[in-house]
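Descriptive structure summary
So the chains spell out like this:
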Amino acid sequence: MPLRQLIHALFCIFTLILIGCSSGGTDGTSVQAQITFIKTLGGSNNDSGRSIIKTFDGGYAIAGHTQSSDGDIANKSNSSFDYWIMKFDATDALQWQKTYGGSDQDRANDIIQTEDGGFAVLGFSNSANGDVTENEGQTDYWLLKLDGSGNLSWQRSFGYSGVDNGISMIQTRDGGYLLAGILDVSASGGLGNSRSALSKKHAGGDYWVIKLDPMGTMQWSKYYGGTFTDTPNGLFQTADNDYIIVGFSDSNDVDISNNQGSYDFWIIKISETGDLIWEHSFGGSEIDEAWGIIASGDGNYLIVGNTRSNDKNVTQNKGAADLWLIKINDDGNLLWKKCLGGSNFDQGQSISQSQDNTFIISGNSRSSDGHVSENKGQNDAWIMKIDTNGNLLWEKTIGGSGIDLAFDAITLSDNSVVAVGESNSADQDIEMNKGFTDLLLIKIND
């Protein structure tokens, strides 16, 4: 073959390799991710999935809440909200499902698998009967410890006279638990001797962090925030056994030193005993909310949420609200930030790590441009995969003409992605709606 033809042939091969490697690149048009199934689960009332985890046996477990007592919900007779927990095996077959609660409102927000193969579930309750043995006021943190078959081993309530909501939890390296949620300081007269001192510094909702031993006994309890509203959403235990907590705040006093305007990402690092090590606010002059945190694999952390800002820390906002992704180091310093979305409202709710050092983000979107391939109606569930630099590898929107949301997503051992949320659609991607809102379950073959 003449040299010129050889060079041309090698160039063509090289070009084809580049095209193949770029499939699934930053434009989000990857053909690598295909939807395996979309399911709605529930009954004739309101049902939702809020948290999903990979289990030790290769399956997954879901925590949410149900108001229904028919359809897919078994052994429930009341019309109030209960915790709804489901366990699936690696073939997506339902192994068991159970509801927990009393005669009032009980909703689960987070689930983890514990070291013993059981589960712990956190949310809130304002019941004082059934599975719930006590209630201090309107709603309390309500923590369940289950065995591997979903049988209730023990339960604990923590709260005062106001609205206290358990949002996130982890099992700590000592076998205990760290819980984070909202303490309604303004209504919590039951704080006793600490109430007067606390009320001088705090007025709205605070980050309320509780450390428990392995049997659920409280070891310490501390509050962080300012005089307005401070809401924690994500927890992470660091390599040095401290904790990083992410959420959002519109305060600019007490523990919060540098609010950027309205609600900011508010990130704190605390010691093993709850002492505040550092705190940082990130955002712009509008509303910015952090929802999830994960280690990035290089000693730093990725944090996901949403932003309506386009100034200060936020640049290149694509529309009304974008999914906002930031990377910080262990001192809380901002390393980089990215806006992902289109010209409408887009939001990130969770971030988890994949098998190949990439990351899965769940959220919702109203856009059909920019980084978002299409929109089916109002809010669509939005699932995406990014690399370590925040580049978009692929994205999928799932929904119908109603409101469809994804709250959490994880990667299984076979590299498939499973996401959970809620839907009130009954068309396009959503074949059936069984009530007002259904639990939405999505599986994607990556």
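All of the points below concern the structure found in this document. These numbers were taken from a predicted model, which means no experiment stands behind them.

Position of Asp356 relative to the elements: it lies in the loop between strand E22 (346-353) and strand E23 (359-365). Taking the relative accessible area as the measure of exposure, Asp356 reaches 41% and is therefore partly exposed. Separated by 31 residues in the primary sequence, Asp356 and Asp387 have C-alpha atoms spaced 9.2 Å apart. A polar contact is formed between the side chain of Asp356 and the side chain of Thr358, at a distance of 2.4 Å. A polar atom in the side chain of Asp356 sits 3.2 Å from the side chain of Lys385.

Quick look at the nonpolar core now. Judged by nonpolar contacts, the single largest core of 16 residues is most densely connected at Leu143, Met169, Tyr177, Leu179 and Trp208. Of all elements in the fold, only strand E7 (119-125), strand E8 (140-146), strand E9 (152-158), strand E11 (177-184) and strand E12 (205-212) reach the threshold of two or more residues within this core.

Glancing now at the sheet that holds E12. Across the sheet, four strands lie side by side as E10-E11-E12-E13; this open sheet has antiparallel pairing. The open sheet is flanked by strand E10 (165-171) and strand E13 (218-224), the only strands paired with a single partner. Sheet twist, expressed as the mean angle between neighbouring strand axes with direction ignored, is 20°.

One ladder, built from six bridges, connects E8 with E9; its direction is antiparallel. Note on E9: the bridge partner recorded for Leu144 is Gln155. Between E8 and E9, which follow one another and run antiparallel, lie five residues, and Gly150 among them has a positive phi close to 90°.

Moving on: the sheet that holds strand E18 (residues 288-295). Pairing is antiparallel across the open sheet formed by four strands, whose spatial order is E18-E19-E20-E21. Of all strands in the sheet, those with a lone pairing partner are E18 and strand E21 (334-340), marking the two edges. The average angle at which neighbouring strand axes cross in this sheet is 20°, direction not considered. One ladder, built from seven bridges, connects strand E19 (residues 301-307) with strand E20 (residues 322-328); its direction is antiparallel.

Given two aromatic rings, one states the distance between the centres and the angle between the planes to describe the pair. Under the definition given, this model contains twelve aromatic pairs. Ring centres 5.0 Å apart and planes at 15° place the aromatic pair Tyr60 and Phe88 in the stacked group. Residue Tyr60 is found in strand E3 (residues 60-66), and its partner Phe88 is found in strand E4 (residues 82-88); the two are separated by 28 residues along the sequence. Tyr60 gets classed as buried once you look at its relative accessible area, which sits at 0%. Clustering of aromatic rings is evident, with ring pairs tying together Tyr141, Tyr160, Trp208 and Tyr223. Over the face of the ring belonging to Phe37 we find Lys39, whose NZ or CZ atom lies 4.3 Å from the ring centre. The aromatic ring of Trp336 is capped on one face by Lys338, whose charged end is 5.8 Å from the ring centroid.

Cut-offs used in this document
Residues numbered from 1 in each chain as written. Predicted model: local features only at pLDDT ≥ 70, side-chain atom pairs only at ≥ 80, totals over all residues. Heavy atoms only, no water. Helix = DSSP H or I, 4+ residues; strand = E, 2+ residues; numbered from the N terminus. Buried < 20%, exposed > 50% of the residue type's maximum accessible area, 1.4 Å probe, protein only. Polar contact = N/O pair within 3.5 Å; in protein donor to acceptor, adjacent residues only side chain to side chain. Core = buried A, V, L, I, M, F, W, Y, C linked by side-chain atoms within 4.5 Å. Pairing = 2+ DSSP bridges. Axes fitted to C-alpha atoms, helices over the stretch in contact; angles between N-to-C directions. Phe/Tyr/Trp six-rings, centres within 6.5 Å; stacked < 30°, edge-to-face > 60°. Lys NZ or Arg CZ within 6 Å of the ring centre and 35° of its normal.

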